[in-house]
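Remarks on the overall topology
Spelled out from the first residue to the last, the chains are:
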Amino acid sequence: MKLNRMFCKLMLTVASMLYLASAVFAKDLVIMTSLPSMEFPFFVHMQKQLDEEAKRIGGIKLIAADGQNKVPKQTADVESAIIQGVDGILISPIDVNAMAPALQQAIDNGIPVVTVDRYVGGVPGIYAHVGADNVKGGEAQARLIMERFPNGATIVNLQGQPGASPAIDRNRGLHNILDGNSKYKIVAEQTANWSRDQGMSVTENILTGLGNAPDVINAANDDMALGAMEAVKARGIDVQILGFDALPEAIAAVRDGSLMATVEQFPGGQSKTALNLLVNDLRSEMKAYNRVIFLNPITITSDNYQSNAERIGEVK
């Protein structure tokens with residue numbers, strides 16, 4: 001409870017400082033927001049938070065672009081925004097490397113770019129980034145596995161989409177903690193591309209190939225975890241499953257005991273802070289509160305979901 005309140009207070013303070021600083025120089029703005037895919041509830045929530053924050057600040061028109069999980073589509077959206085002469089771009093890149101040239105093109109045309117959730121390291125001109133520390137999130141998953149299975153465990157690891165920085169970093173965090181500890185063995189590791197359907201089908205194939213059920217299935221997001229949950233349920237076996245993102249459905253599954261845990265990365269806090277950073281750049285001469293802001297993810301379990309889950313109000 002205390003941690004969650006402190007985080008909310010910090011985000012509100014940052015947002016208020018930036019908003020008050022920019023109010024004197026307020027002007028109408030057109031900002032393109034580009035998220036990887038509206039097929040994923042995580043990004044639907046982020047866009048909703050961006051819409052609400054833009055309305056609260058006032059004088060902002062958002063052009064919301066759906067990347068449809070295709071780099072050519074997201075690249076074309078950025079190029080279109082450049083042609084339209086938008087005031088700024090707020091983007092979560094589908095692939096941090098493949099999208100770098102388009103983002104550089106926007107910057108070269110004088111359009112400030114703020115990234116959210118997914119960090120692009122190869123474009124130094126990006127104005128700011130706001131996201132979760134996904135390495136620490138992966139480490140939190142690993143530590144929970146060790147806590148719940150002190151005598152060791154066999155683990156299936158469902159990875160996110162290749163090229164996406166959260167997938168890379170969450171996987172790195174998991175391996176940071178588990179590698180070298182002989183009690184914890186990753187018996188299968190495969191991408192399920194953030195997808196619930198693939199989470200189920202990949203899990204089914206892995207379980208068939210293993211013969212013996214693993215102790216744990218660790219997933220890099222909740223959609224894959226929920227898909228894995230269906231595969232496990234269909235077989236009637238007892239496997240503990242961890243997710244990442246704290247979607248309302250996953251929080252409910254944690255509450256009901258179907259998921260061992262999920263990881264909260266505060267997507268609403270990321271979205272609102274990122275938009276305020278961009279608006280501050282466009283409406284004032286002040287520098288951003290911080291060029292790079294990483295929020296520390298926390299593990300959501302049945303013990304703390306009511307006090308620490310950002311979207312607890314949406315849980316049915």
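Above this text is the structure in question.
Notes on the structure follow. (Residues numbered from 1 in each chain as written. Predicted model: local features only at pLDDT ≥ 70, side-chain atom pairs only at ≥ 80, totals over all residues. Heavy atoms only, no water.)

Where helix 3 (residues 71-84) meets helix 4 (residues 100-108), the axes come as close as 9 Å, and the angle between the chain directions of the two elements is 5 degrees. One way to sum up the angle between helix 3 and helix 4 is to call them roughly parallel. Along the contact surface, helix 3 presents Thr 75, Val 78, Glu 79 and Ile 82, while helix 4 presents Ala 102, Leu 103, Gln 105 and Ala 106. Partitioning the contact of helix 3 with helix 4 into residue classes produces five nonpolar, two polar and one charged. (Axes fitted to C-alpha atoms, helices over the stretch in contact; angles between N-to-C directions. Helix = DSSP H or I, 4+ residues; strand = E, 2+ residues; numbered from the N terminus. Parallel < 35°, antiparallel > 145°, perpendicular 65-115°, else oblique. Contact = heavy atoms within 4.5 Å. Nonpolar A, V, L, I, M, F, W, Y, C, P; charged D, E, K, R; others polar.)

Next up on the list: the pattern of salt bridges. In this structure the tally under the stated criterion is 11 salt bridges. Ionic pairing is found between Arg 196 and Asp 223, a salt bridge with its closest N-O pair at 3.4 Å. Placement of the pair is Arg 196 in helix 7 (residues 196-210) and Asp 223 in helix 8 (residues 222-235), with a sequence separation of 27 residues. For Arg 196, a relative accessible area of 29% puts it in the partly exposed group. When salt bridges with common partners are traced through the structure, they connect Arg 196, Asp 223 and Glu 249 into a single cluster. (Salt bridge = Lys/Arg side-chain N within 4 Å of Asp/Glu carboxyl O. Buried < 20%, exposed > 50% of the residue type's maximum accessible area, 1.4 Å probe, protein only.)

Membership of the largest hydrophobic core comes to 61 residues, with the highest contact counts inside it found for Ile 31, Leu 158, Ile 217, Ile 241, Leu 259 and Leu 275. What Leu 158 contacts, discounting residues up to four positions off in sequence, is Gln 190, Gly 199, Val 202, Thr 203, Ile 206, Ile 217, Asn 218, Ala 219, Ala 220, Met 224 and Ala 228. Counting 20 residues, the second largest nonpolar core, distinct from the first, contains Ala 102, Val 113, Val 120 and Val 123. (Core = buried A, V, L, I, M, F, W, Y, C linked by side-chain atoms within 4.5 Å.)

Looking at chain direction, strand 6 (residues 153-159) and strand 7 (residues 184-191) are connected through seven bridges and run parallel. Directly across from Ala 153, in strand 7, lies its bridge partner Tyr 184. (Pairing = 2+ DSSP bridges.)

Where helix 2 (residues 41-57) contacts helix 10 (residues 267-283), the two axes come as close as 9 Å, and the packing angle between them is 40 degrees. Comparing the axis directions of helix 2 and helix 10 gives the class oblique. Like other packed secondary-structure pairs, helix 2 and helix 10 cross with a definite hand, here right-handed. Between helix 2 and helix 10, the residues in contact are Phe 42, His 45, Met 46, Gln 49, Leu 50, Glu 53, Ala 54, Arg 56 and Ile 57 and Pro 267, Gly 268, Gln 270, Ser 271, Lys 272, Leu 275, Asn 276, Val 279 and Arg 283, respectively. Considering only residue class, the contact of helix 2 with helix 10 consists of eight nonpolar, six polar and four charged. (Left-handed = near helix turned anticlockwise from the far one by under 90°.)

To continue, consider the sheet that holds strand 6. On the basis of which strands lie adjacent, the open sheet formed by four strands has the order 7-6-8-9 and parallel pairing. This sheet does not close on itself; its edge strands, each paired only once, are strand 7 and strand 9 (240-242). Direction aside, the axes of adjacent strands within the sheet are offset by 20 degrees on average. Its contacts with the sheet put helix 5 (residues 134-148) on strand 6, strand 7, strand 8 (216-219) and strand 9, and the angle it makes with strand 8 is roughly 165 degrees.

What follows deals with helix 6 (residues 165-178). The end-to-end C-alpha separation of helix 6 is 20 Å, in line with the 20 Å expected for 14 residues at 1.5 Å each. Most of helix 6 is tucked away: 10 of the 14 residues are buried. Every buried residue of helix 6 is accounted for by Ser 165, Pro 166, Ala 167, Asp 169, Arg 170, Gly 173, Leu 174, His 175, Ile 177 and Leu 178. The secondary structure elements touched by the buried residues of helix 6 are helix 5, strand 6, strand 7 and strand 8. (Expected span 1.5 Å × (residues − 1).)

The values are spatial; any link to function lies outside them.
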